[in-house]
Amino acid sequence: MTTATTRELRTPPARDGAATARSSPPAAQPSLPSLTGLRWMAALLVFGLHVNNFGYLGGTGGRLVNWAFSPGATGVSFFFVLSGFVLTWSARPGDRPLSFWRRRIARIYPVHLVTLVVAFVVACTLTHQARPTAKQALSNALLLHSWWQPWWQTLNPVSWSLACEAFFYAVFPLLIPLLRRLGARGATALGGLSAAALLVLAWMDLHHWWSHSIYSFPAARLPEFVLGAVTARLVLLGRWRGPGMEASLALAVIGYFLVPQATHGGYPATVCTITGFALLIPAAAVADLHGLPSLWRRGWMVRLGELSFAFYMIHLLVLRSATSLLGTKPRFGAPAGLAVTAGAFAVSLALSWVLYEAVERPARRLLLRRRAVPPPERTAARREAPAPVRD
């Protein structure tokens, strides 16, 4: 899942000539709040998928939930594309890899560690949950578990996407200098190669070229991240020529509901939604840059988007804990099923607010806090002052 806030999203496009196209963007850029609002919708798709998997509703209600949210796993693909866009958009000229990695760790790791502890408590408390081995717990804590398929669902299962994000962060300091050297044609070519790689990987996965699915394998999800980075580069250059918000959203919705018709899910599902997602994200960015109407820019959507990372990380643990009271796949009727779903949603949202306000924000401030640098005149005066006498 992408985890940048609107405060990290900045940059006006450059429009004049090849020399400008290949130059680094300026440091200060306008914010893109619509992207934060869209993050919430992606998190909501994943929540709906897990509600469907836990079988809260039976009968007609269950069939409706299955129709609406069985493709919800594609919300993670949206996060990967969005992550590439956001990191490229907010990249700082001359930024050092260690500084970049430090900011990324401060952004995702505190919430990851807290939810990891919660997941461990849940696993040790609920009798029907498997307890992780020491190796599984360590690999999860270090965000390495998605590289080994048997471990990708251990402890907090949704954290597998953070292992992919950690790989993207490792690669990004190598990717961004390349992107900055590319003009519009070069960036478009790189985007085409990324899309082609995704198609090839989906075809190979569908035909079982590997013994395990590559759905959670970090390297296999890199093309989605690169595609997001390429679209950001084109917007930065003022050379984005995609459709507007309405058409892009329509394509994203069509691709989303095409998933059950075209595939049983997994990695090949990304083929259905990648076009719509890769168009919708830059369209929302352009709408913010030019002040065009955007539902996703409304204050309540932006606020929910700020909570989306914590919501994503905690909601499955809430659903898993509820099985001790509700049982496995209870298949309630519509009134009871909706009430239980609303309760799980409310608890998850409340806990996400606690995580955001008590963990995510203060931990980021603490980890990114810098020692105050004294003004030059004070430093000079301090150097000229006599050393104090010590007893």
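Only a predicted model underlies this, so the values are computations on that prediction, with no experimental measurement involved.

Draft legend 1. Seen up close, the overall build of the chain. Of regular secondary structure, the chain possesses 14 helices and zero strands. Mapped from its N terminus to its C terminus, the chain presents α and β elements in the order α-α-α-α-α-α-α-α-α-α-α-α-α-α. Relative to its full complement of 391 residues, the chain shows a buried share of 52%. A separation of at least 24 residues holds for 82% of the contacts in the chain among residues at least 6 apart in sequence. For the chain, the exposed area adds up to about 18,700 Å²; of that, 66% sits on carbon and sulfur atoms.

Draft legend 2. Fine view of the side chain of Arg233. Structurally, Arg233 is set in helix α9 (residues 222-236). One polar contact links the side chain of Arg233 to the main-chain carbonyl oxygen of Leu179, over a distance of 3.0 Å.

Draft legend 3. Seen up close, the pattern of salt bridges. As enumerated under the stated definition, the model contains eight salt bridges in all. Its salt-bridge partner being Arg364, residue Glu360 comes within 3.7 Å of it at the nearest N-O pair. Residue Glu360 and its partner Arg364 are both found in helix α13 (residues 334-368); the two are separated by four residues, about one turn of the helix. The class of Arg364 is buried, set by a relative accessible area of 18%. Salt bridges here are not isolated pairs; linked through shared partners, they connect Arg303, Glu306, Glu357 and Arg361.

Draft legend 4. Highlighting the packing of helix α2 (residues 33-53) against helix α12 (residues 299-326). In contact at an axis separation of 7 Å, α2 and α12 are set at 20° when each is read in the N-to-C sense. Relative to α12, the element α2 is oriented roughly parallel. Along this stretch, α2 crosses α12, giving a crossing that reads as left-handed. Facing Pro33, Thr36, Gly37, Arg39, Trp40, Met41, Ala43, Val46, Phe47, His50 and Val51 of α2, the residues of α12 in contact are Met301, Val302, Leu304, Gly305, Glu306, Ser308, Phe309, Phe311, Tyr312, His315, Leu316 and Leu319.

Draft legend 5. Structural view of the packing of aromatic side chains. Using the criterion set out here, one finds 23 aromatic pairs in the structure. Geometrically, the ring pair formed by Phe47 and Phe311 is tilted, given 5.6 Å between the ring centres and 50° between the ring planes. Of the two residues, Phe47 sits in helix α2 while Phe311 sits in helix α12, which places them 264 residues apart along the sequence. The exposure class assigned to Phe47 is buried, which follows from its relative accessible area of 5%. Taking the relative accessible area as the measure of exposure, Phe311 reaches 0% and is therefore buried. Between the aromatic rings of Trp152 and Trp160, the centroid separation amounts to 5.8 Å while the plane-to-plane angle is 80°, which identifies the pairing as edge-to-face. An identical accessibility class is assigned to Trp152 and Trp160; each is buried. By the ring-pair criterion, three or more aromatic residues cluster together here, those being Phe80, Phe100, Trp147, Trp152, Trp160, Phe167, Phe168, Tyr169, Phe172, Tyr215, Phe217 and Phe225.

Draft legend 6. Highlighting a nonpolar patch on the surface. A grouping of Leu138, Leu142, Leu144, Trp147 and Phe217 is seen on the molecular surface, where their side chains present a nonpolar patch of about 470 Å² in accessible area. Looking at the element boundaries, Phe217 is found in the loop between α8 (184-206) and α9.

Draft legend 7. Representation of the packing of α2 against helix α11 (residues 269-289). Close contact between α2 and α11 brings their axes to 8 Å; oriented N to C, the two are set at 140°. The orientation of α2 with respect to α11, classified from their angle, is oblique. In this structure, α2 contributes Pro33, Ser34, Leu35 and Leu38 to the contact, and α11 contributes Leu280, Ile281, Ala284, Ala285 and Asp288. Class assignment of the residues belonging to the contact of α2 with α11 gives a composition of seven nonpolar, one polar and one charged.

Draft legend 8. Expanded view of unusual backbone geometry. Of note in this structure, Leu155 is not a glycine but carries a positive phi near 55°. Note that Leu155 resides in the loop between α6 (134-141) and α7 (160-181). The class for Leu155 is buried, based on a relative accessible area of 7%. Look at Arg331: it is not a glycine, yet its phi comes out positive at around 55°. When you line up the elements, Arg331 lands in the loop between α12 and α13.

Draft legend 9. Region of the structure containing the side chain of Arg103. Positionally, Arg103 belongs in helix α5 (residues 97-125). Relative accessible area serves as the criterion here: at 16%, Arg103 is assigned to the buried category. A distance of 2.4 Å separates the side chain of Arg103 from the side chain of Asp95, its partner in a polar contact. Discounting chain neighbours no more than four positions away, the residues touching Arg103 are Arg92, Asp95 and Leu368.

Draft legend 10. Structural context of the nonpolar core. Residues Leu35 and Phe85 are the most contacted members of the largest nonpolar core, which totals 96 residues. Element by element, the count of residues in this core is highest for α12, at 13 residues. Apart from residues no more than four positions distant in its own chain, Phe85 is found in contact with Leu32, Leu35, Gly228, Ala229, Thr231, Ala232, Val235, Ile281, Pro282 and Ala285.

Rules and cut-offs
- Residues numbered from 1 in each chain as written.
- Predicted model: local features only at pLDDT ≥ 70, side-chain atom pairs only at ≥ 80, totals over all residues.
- Heavy atoms only, no water.
- Helix = DSSP H or I, 4+ residues; strand = E, 2+ residues; numbered from the N terminus.
- Buried < 20%, exposed > 50% of the residue type's maximum accessible area, 1.4 Å probe, protein only.
- Contact = heavy atoms within 4.5 Å.
- Areas by Shrake-Rupley, 256 points an atom, 1.4 Å probe, with all protein chains shown as cover.
- Polar contact = N/O pair within 3.5 Å; in protein donor to acceptor, adjacent residues only side chain to side chain.
- Salt bridge = Lys/Arg side-chain N within 4 Å of Asp/Glu carboxyl O.
- Axes fitted to C-alpha atoms, helices over the stretch in contact; angles between N-to-C directions.
- Parallel < 35°, antiparallel > 145°, perpendicular 65-115°, else oblique.
- Left-handed = near helix turned anticlockwise from the far one by under 90°.
- Phe/Tyr/Trp six-rings, centres within 6.5 Å; stacked < 30°, edge-to-face > 60°.
- Patch = residues over 30% accessible without salt bridge, like charges linked within 9 Å, V, L, I, M, F, W, Y side chains within 5 Å.
- Nonpolar A, V, L, I, M, F, W, Y, C, P; charged D, E, K, R; others polar.
- Core = buried A, V, L, I, M, F, W, Y, C linked by side-chain atoms within 4.5 Å.

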